[in-house]
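Listed here are the chains, written in short residue letters.
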Amino acid sequence: MATPLTFAIPKGRILEEALPVMERAGVVPEEAFHDKGNRSLTFATTREDLRLIRVRAFDVATFVAHGAAQVGIVGSDVIEEFDYSDLYAPVDLAIGHCRLSLAAPADVPEAGAGASHMRVATKYPNVTRRWFERQGIQAECVKLNGAMEIAPALGLARRIVDLVSSGRTLAENGLEERDVIMQVSARLIVNRAALKTDPRVGELVERFRTVAAAPDAS
């Protein structure tokens, strides 16, 4: 039997929406996957030639880009942050919709109000720097992996760049959304080398493409 393919999926916000899409594409995890007390990171599927790994979203991109996993699902925010040359995102799955936005307290001036330099707290320093460069501003990015909304109140940075869905969390922490940096949705990603050398990867791409194009895909 050929070596099983490894399919990387993210913990967190995308996973719940991704599971029905995966099932329609024929990727169904074993029962143990749904046990919330199960701390395993690797799971079998109903396909003998395919296993799942469940890791942090940023790690999905790393595993696939380096060929440790051949296929994965991750948000376009992660893809843009890392910009791996060995990563190919052929299918927009039309799930996991949100936006990456700049936010600040109400008393903080707009980003382009005469400033040439500003400090920003974010999980996305590369995307953030590029966006500010287009505004003619040098951004000093303070990397945080969570609790972004308290950075302004504690004086770490007056502005943040983070994912926004309803905007409720921002409002509860005294912040307002200023600019949308990018719209985000979940994508199927594959390793470029694996796509060229393993026909099973191409088959999975076509299965997910068909599912995403179906009227009830989202």
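None of these values were measured; they are calculated from a predicted model. (Residues numbered from 1 in each chain as written. Predicted model: local features only at pLDDT ≥ 70, side-chain atom pairs only at ≥ 80, totals over all residues. Heavy atoms only, no water.)

Novice: Any details on helix 2 (residues 57-65)? Residues and values, ideally.
Specialist: Taken together, the buried positions of helix 2 are Phe58, Val60, Ala61, Val64 and Ala65. Relative to the axis of helix 2, the buried residues are bounded by an arc of 155 degrees and lie together on one face. Where helix 2 is buried, its residues meet strand 1 (5-10), strand 3 (50-55), strand 4 (71-75), helix 3 (76-82), strand 5 (87-92) and strand 11 (186-191). Glycine 67 sits one or two residues past helix 2 and shows a positive phi near 85 degrees. (Buried < 20%, exposed > 50% of the residue type's maximum accessible area, 1.4 Å probe, protein only. Helix = DSSP H or I, 4+ residues; strand = E, 2+ residues; numbered from the N terminus. Arc of directions from axis to C-beta. Contact = heavy atoms within 4.5 Å.)

Novice: Describe the sheet that holds strand 3, with residues and values.
Specialist: Picture the strands of a sheet paired through backbone hydrogen bonds; they go either parallel or antiparallel. Pairing within the open sheet is mixed, and its 6 strands lie in the order 2-3-1-4-11-5. A strand with exactly one partner marks an edge of an open sheet, and here the two such strands are strand 2 (42-44) and strand 5. Averaged over all neighbouring strand pairs, the angle between strand axes comes to 30 degrees, with direction disregarded. Bridging between strand 1 and strand 3 involves 6 bridges; their strand directions are parallel. In the strand pairing of strand 3, leucine 5 is matched with leucine 50. (Pairing = 2+ DSSP bridges. Axes fitted to C-alpha atoms, helices over the stretch in contact; angles between N-to-C directions.)

Novice: Tell me about helix 4 (residues 125-134), residues and numbers included.
Specialist: Listed as buried for helix 4 are Pro125, Val127, Thr128, Trp131 and Phe132. Around the axis of helix 4, the buried residues are gathered within 160 degrees of arc, so they sit on the same side. Away from the buried face of helix 4 by more than 90 degrees, exposed residues Glu133 and Arg134 are located. The secondary structure elements touched by the buried residues of helix 4 are helix 3, strand 6 (98-105), strand 7 (117-122), strand 8 (138-143), strand 9 (159-164) and strand 10 (175-184). Backbone geometry just downstream of helix 4 places glycine 136 in the positive-phi region, at approximately 75 degrees.

Novice: So what about the confidence of the model for the protein? Which residues, and what values?
Specialist: Confidence along the protein averages 93 in pLDDT terms, with 96% of residues attaining 70 or more. In the model of the protein, helix 5 (residues 168-172) stands out as the element of lowest mean pLDDT, 93, in contrast to strand 11, which has the highest, 98. (pLDDT = per-residue confidence, 0-100.)

Novice: Would you mind going over the sheet that holds strand 8 in detail, with residue names and values included?
Specialist: Taken together, the 5 strands give an open sheet; going across it, the order is 8-7-9-6-10, and neighbouring strands pair in mixed fashion. Where the open sheet ends on each side, the last strands, each with one partner, are strand 8 and strand 10. Between one strand axis and the next, the sheet turns by 30 degrees as a mean value, whatever way the strands run. Direction of pairing for strand 6 relative to strand 10: antiparallel, over a ladder of 8 bridges. Each bridged residue has a counterpart across the sheet, and for serine 101 the counterpart in strand 10 is valine 180. Taken strand by strand, helix 4 contacts strand 6, strand 7, strand 8, strand 9 and strand 10, and its axis lies near 165 degrees from that of strand 8.

Novice: Before we move on, could you go through the environment of aspartate 92 and cite the residues and values that matter?
Specialist: Inspection of the secondary structure puts aspartate 92 in strand 5. Residues aspartate 92 and glycine 75 lie 17 residues apart in sequence; the distance between their C-alpha atoms is 9.4 Å. In this view, aspartate 92 contacts Ser185, Ala186, Arg187 and Ala212; residues no more than four positions away in its chain are not counted. There is a polar contact of 2.9 Å between the side chain of aspartate 92 and the backbone nitrogen of alanine 94. A polar contact of 3.0 Å, which involves the side chain of aspartate 92, links it to the side chain of serine 185. (Polar contact = N/O pair within 3.5 Å; in protein donor to acceptor, adjacent residues only side chain to side chain.)

Novice: Can you lay out the pattern of salt bridges for me, pointing to particular residues and giving the numbers?
Specialist: Any two side chains of opposite charge can pair, on the condition that their charged atoms come close. If you walk through the whole model with that rule in mind, you get 13 salt bridges. Residue aspartate 198 is joined to arginine 200 by a salt bridge in which the shortest nitrogen-to-oxygen separation is 2.8 Å. Judged by relative accessible area, which is 16%, arginine 200 ranks as buried. Overlapping salt bridges, with partners in common, bring together Arg47, Asp49, Asp198, Arg200, Glu203 and Arg207 in one network. (Salt bridge = Lys/Arg side-chain N within 4 Å of Asp/Glu carboxyl O.)

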